[in-house]
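Here is what each chain is made of, one letter per residue.
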Amino acid sequence: MKKQNKIIFSILGMILICFLFICYKLSFSLSRDQIEKIVIRGEPIAILIVIFFIVIFLFLERKKILKLFSKIRGKTFVFLILIFILGLFLRNAAPHGHRLYFDEDIYLDMAKQIQQDFRSCLCNFGDENTCFRCEMMKWPAGHPFLFSLPFFIFGVDEEIAFQFASFVSSISVILIFFLTYLLTKKEKIALYSSLFLAILPIYILWSTTATAEPTVLFFSLLSMIFLLIYKEIKSDKTFFLAILGVFLVLTAKWEAVVFCIPVLIFLFFFLKEDIFQKIVKPNVLIGLFLVIILTFPHFLHFFYFEHTDSWGASTKEERFSFDVFKQNLNANTKFWFNYKFWDKNSWIQKELFHPIFFTLIAVAGGIFLILKKKWKIFLILFLWFFLFFFLYSSFYAGSVIYGWDARYILLMVPSFCIFAAFGLFLIENGIKWVFKKFLNNKRINENYIILTTLFIPILFFLPYFKLIGIPYSKVEEGSDARLYHDYVTKYAKELQDDCYFLSHVTSIYTTLNKKHIQIWYIDRPEFNQLLQKGQCIILDEGYWCQPDIAGTKEICIAIHNRYNLKQVSQFYNSKHNKYYTFYKILSPK
């Protein structure tokens, strides 16, 4: 690299460090209200601009990009379409609904606010069409933004979100094919990676929810494809495609920043000299500065919550530790080697479904890459998998048996499926040898080879087909929250009166297009104004008002002490011996 280029590159690095430092300092010096104004408007606008330019660059480079895939045979696309249909079918065979309570409701609430008013926030006070008080949440806007797209077209509805989630997860099955093909130039290995992603039980189960992990997986595949496209074409437009792809990954979840490490390794191995030459070009430098500016709301948001929120842990210091890693390592390792063999009492209720054959074949794929000295591919995939494995195992809630946190596995799934594809490629070579041995070296129809090879992982998946179709009513984990959620959803849909729902979980009512106000607002002017106007208000004394939940039940007791209430509906949760009750607030005592 020339001395002048080194200086420019160093200056750019210093500017980036200074920019991050400024974001960090502002997260302390600005008030929450000031940060909120920047974040809830700035993040959706930044994402929209990024998506706009991605579409533009893809369109401008479409001929060169299509040429990269022009050598793929028609029959390969036929197999790919069949795998896509299989993946879509399996995601419709699994139950659609929430698994992560009540984060998914909040995600959909944020998606509705983006769809309605282009604000990434949680509506704590609003009616069917307007949010009067929208508050910044600790999550970035990428995942809600993605789910706002079907809301723009079809309207706000949970079932639309679940169907969209299944569709996006099925599209990822196609994306991993193109990623693997660009990485290896082997159509069959690409097909095999696609098949593993289509039939991986843990991914199927979470593909039908509104949680964020499948979105991270989707953006990660897209980003890596853009990087590989740039590797082949090396134009300024494809360079920015790669940069903007990484930006999308960062906006999906905070911890997705770990994805930058395999990206940097990829750049170092494949594009080091080209990147240095590319970055020092004036038009590229200007573009990079604009991208950095677009990240300002995102990093300001991140640094603010990094020092103000413990993410559910007792203290900020307890969020990550080596002691936690040692505790979680056992369970998280067991997952990949079929949990039911290690703990028969918990694997079904927690739905930790994973065929051990898939893991063994992925290990074989890794060994194959090492023996073939494909060190660059191996290291990128290895880091992609184990960095997330180490991160979540070090997180206080990162064990697969801690609540619904098996979902964290999904961020390791793409690299796992590509490893498994290399292992299946080994099996394919073994099948070829057997066919030739018994057919006396006669010409073998390659389609038979591919079909036989594809059928092997499907054969090992078949015992899990019934398991992924288990209805939520028979799943113990999360059943308390699910029973509450189903009850209030049914009651709210049937209620014809023009009432506000006073609840801890206003996001449920937001996506039902019902009037709502956060229960903590009872001491705020907004609530008193509703009472003075004689507005109908229904108290949702549900999941968070139970006697065994300290810290939130007190406010429910306070409402009973302050107001005359009339019970209008009640549901008894016999499984957990709890009552979920709706009251109409009549008047102050």
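Above this text you will find the structure in question.
Summary of the structure given here. Note that the structure is predicted; figures quoted are calculated from it, not measured.

Quick word on the overall build of the protein
Alright, step 1. A count of helical and extended segments in the protein gives 23 helices and seven strands.
Alright, step 2. Its C-alpha atoms give the protein a radius of gyration of 26 Å, near enough to 25 Å, the size a compact globule of 589 residues would have.
Alright, step 3. Projected onto the principal axes, the alpha-carbon positions of the protein cover approximately 90 × 60 × 45 Å.
Alright, step 4. Split into buried and exposed, the 589 residues of the protein put 58% on the buried side.
Alright, step 5. Considering only contacts within the protein whose residues lie at least 6 apart along the sequence, 75% involve residues at least 24 apart.
Alright, step 6. As displayed, the protein has an accessible area near 25700 Å², and 64% of this comes from carbon and sulfur atoms.

A short note on the pattern of salt bridges
Alright, step 1. For the coordinates displayed, the defined rule picks out 24 salt bridges.
Alright, step 2. The partner of glutamate 351 in a salt bridge is arginine 99, and the shortest N-O contact between them spans 2.5 Å. Taken as a pair, glutamate 351 in the loop between helix H15 (322-336) and helix H16 (356-371) and arginine 99 in the loop between helix H4 (74-93) and helix H5 (103-117) lie far apart in primary sequence, 252 residues in all. When sorted by exposure, glutamate 351 lands in the same class as arginine 99, which is buried.
Alright, step 3. A salt bridge links lysine 253 to glutamate 255; the shortest N-O distance between them is 2.8 Å. By the burial criterion, lysine 253 is buried, and glutamate 255 matches it.

Quick look at the packing of aromatic side chains
Alright, step 1. Tallied over the entire structure, the rule returns 59 aromatic pairs.
Alright, step 2. A ring pair is formed by phenylalanine 259 and tryptophan 384, whose centres lie 5.5 Å apart and whose planes are at 65°; its orientation type is edge-to-face. With phenylalanine 259 in the loop between helix H11 (236-252) and helix H12 (260-279) and tryptophan 384 in helix H17 (residues 375-393), this residue pair connects regions lying 125 residues apart in the sequence.
Alright, step 3. With relative accessibility at 1%, the residue phenylalanine 259 sits in the buried group.
Alright, step 4. With centroids separated by 4.3 Å and ring planes inclined at 20°, the aromatic side chains of tyrosine 491 and phenylalanine 582 adopt a geometry described as stacked. Note that tyrosine 491 is positioned in helix H20 (residues 479-494) and phenylalanine 582 in strand S7 (residues 578-588), a separation of 91 residues in sequence. We note that tyrosine 491, like phenylalanine 582, is buried.
Alright, step 5. These aromatic residues form a ring-pair network of at least three members: Tyr101, Phe102, Tyr484, Tyr487, Tyr491, Phe501, Tyr509, Phe571, Tyr580 and Phe582.

So, unusual backbone geometry
Alright, step 1. Across the junction of tyrosine 101 and phenylalanine 102, the peptide omega takes the value 0°, indicating a cis bond.
Alright, step 2. Relative to the assigned elements, phenylalanine 102 resides in the loop between H4 and H5.
Alright, step 3. One non-glycine residue, lysine 234, lies in positive phi territory at about 60°.
Alright, step 4. Mapped onto the elements, lysine 234 comes out in the loop between helix H10 (213-233) and H11.

With respect to the packing of H11 against helix H13 (residues 282-294)
Alright, step 1. Two elements in contact, H11 and H13, have axes whose closest approach is 11 Å; the angle formed by their N-to-C orientations is 15°. Relative to H13, the element H11 lies roughly parallel. Note that H11 runs across H13; the crossing there is right-handed. Contact residues: H11 offers Asp236, Phe239, Phe240, Ile243, Leu244 and Phe247, while H13 offers Asn283, Val284, Gly287, Leu288, Val291 and Leu294.
Alright, step 2. Split into classes, the residues belonging to the contact of H11 with H13 amount to nine nonpolar, two polar and one charged.

Thoughts on the pairing of strand S5 (residues 536-541)
Alright, step 1. Taking burial as the measure, the six residues of S5 include six buried ones, the bulk of the element.
Alright, step 2. Neither face of S5 is exposed, since Cys536, Ile538 and Asp540 on one face and Ile537, Leu539 and Glu541 on the opposite face are all buried.
Alright, step 3. The pairing of strand S3 (residues 499-503) with S5 spans four bridges and is parallel. Looking across to S5, one finds that leucine 502 is bridged to leucine 539.
Alright, step 4. Two strands pair when backbone bridges link them, and S5 and S7 are joined in this way by four bridges, in the antiparallel orientation. Residue pairing in the sheet places leucine 539 in a bridge with tyrosine 583 of S7.

Notes on a nonpolar patch on the surface
Alright, step 1. Nonpolar side chains collect at one region of the surface, where Ile45, Ile49, Phe52, Phe53, Ile56, Phe59 and Leu60 lie side by side and expose about 620 Å² of accessible area between them.
Alright, step 2. Among the structural elements, isoleucine 49 can be located in helix H2 (residues 32-60).
Alright, step 3. Judged by its relative accessible area of 30%, isoleucine 49 is partly exposed.

Some words on the state of the cysteines
Alright, step 1. Evaluation of the coordinates by the stated rule reveals four disulfides.
Alright, step 2. The disulfide bridge from cysteine 499 ends at cysteine 536, spanning 1.9 Å between sulfur atoms. Residues cysteine 499 and cysteine 536 are joined through a disulfide that is right-handed, its torsion about the S-S bond being 80°. Taken together, the residues span a long stretch of sequence, with cysteine 499 in strand S3 and cysteine 536 in strand S5 at a distance of 37 residues.
Alright, step 3. The exposure class of cysteine 499 is buried, given its relative accessible area of 5%.
Alright, step 4. When the cysteines engaged in disulfides are numbered in sequence order, the protein pairs them as 1-4, 2-3, 5-6, 7-8.
Alright, step 5. Free cysteine: cysteine 18, not disulfide-bonded; nearest cysteine sulfur from cysteine 23 at 11 Å.

Observations regarding the sheet that holds strand S4 (residues 515-518)
Alright, step 1. The seven strands are arranged S2-S1-S4-S3-S5-S7-S6 in an open sheet whose pairing can be described as mixed. The strands lining the two open edges of the sheet, one partner per strand, are strand S2 (131-135) and strand S6 (563-573). Shown here is a sheet whose adjacent strand axes are inclined to one another by a mean of 35°, direction ignored.
Alright, step 2. As paired elements, S3 and S4 share four bridges and run parallel to each other.

Thoughts on the nonpolar core
Most often, soluble globular proteins keep nonpolar side chains buried together rather than apart.
Alright, step 1. Counting residues in each nonpolar core, the largest one holds 145 residues, and the members touching the most others are Phe147, Leu197 and Phe388.
Alright, step 2. Setting aside its immediate chain neighbours within four residues, leucine 197 contacts Arg91, Ser172, Val173, Ile176, Tyr203, Leu217, Leu221, Val413 and Cys417.

Concerning the side chain of threonine 453
Alright, step 1. When you line up the elements, threonine 453 lands in helix H19 (residues 446-468).
Alright, step 2. Overall, threonine 453 belongs to the buried group, its relative accessible area being 0%.

Reading the values: rules and limits
- Residues numbered from 1 in each chain as written.
- Predicted model: local features only at pLDDT ≥ 70, side-chain atom pairs only at ≥ 80, totals over all residues.
- Heavy atoms only, no water.
- Helix = DSSP H or I, 4+ residues; strand = E, 2+ residues; numbered from the N terminus.
- Rg over C-alpha atoms; globule rule 2.2 N^0.38 Å.
- Buried < 20%, exposed > 50% of the residue type's maximum accessible area, 1.4 Å probe, protein only.
- Contact = heavy atoms within 4.5 Å.
- Areas by Shrake-Rupley, 256 points an atom, 1.4 Å probe, with all protein chains shown as cover.
- Salt bridge = Lys/Arg side-chain N within 4 Å of Asp/Glu carboxyl O.
- Phe/Tyr/Trp six-rings, centres within 6.5 Å; stacked < 30°, edge-to-face > 60°.
- Axes fitted to C-alpha atoms, helices over the stretch in contact; angles between N-to-C directions.
- Parallel < 35°, antiparallel > 145°, perpendicular 65-115°, else oblique.
- Left-handed = near helix turned anticlockwise from the far one by under 90°.
- Nonpolar A, V, L, I, M, F, W, Y, C, P; charged D, E, K, R; others polar.
- Pairing = 2+ DSSP bridges.
- Patch = residues over 30% accessible without salt bridge, like charges linked within 9 Å, V, L, I, M, F, W, Y side chains within 5 Å.
- Disulfide = S-S within 2.5 Å.
- Core = buried A, V, L, I, M, F, W, Y, C linked by side-chain atoms within 4.5 Å.

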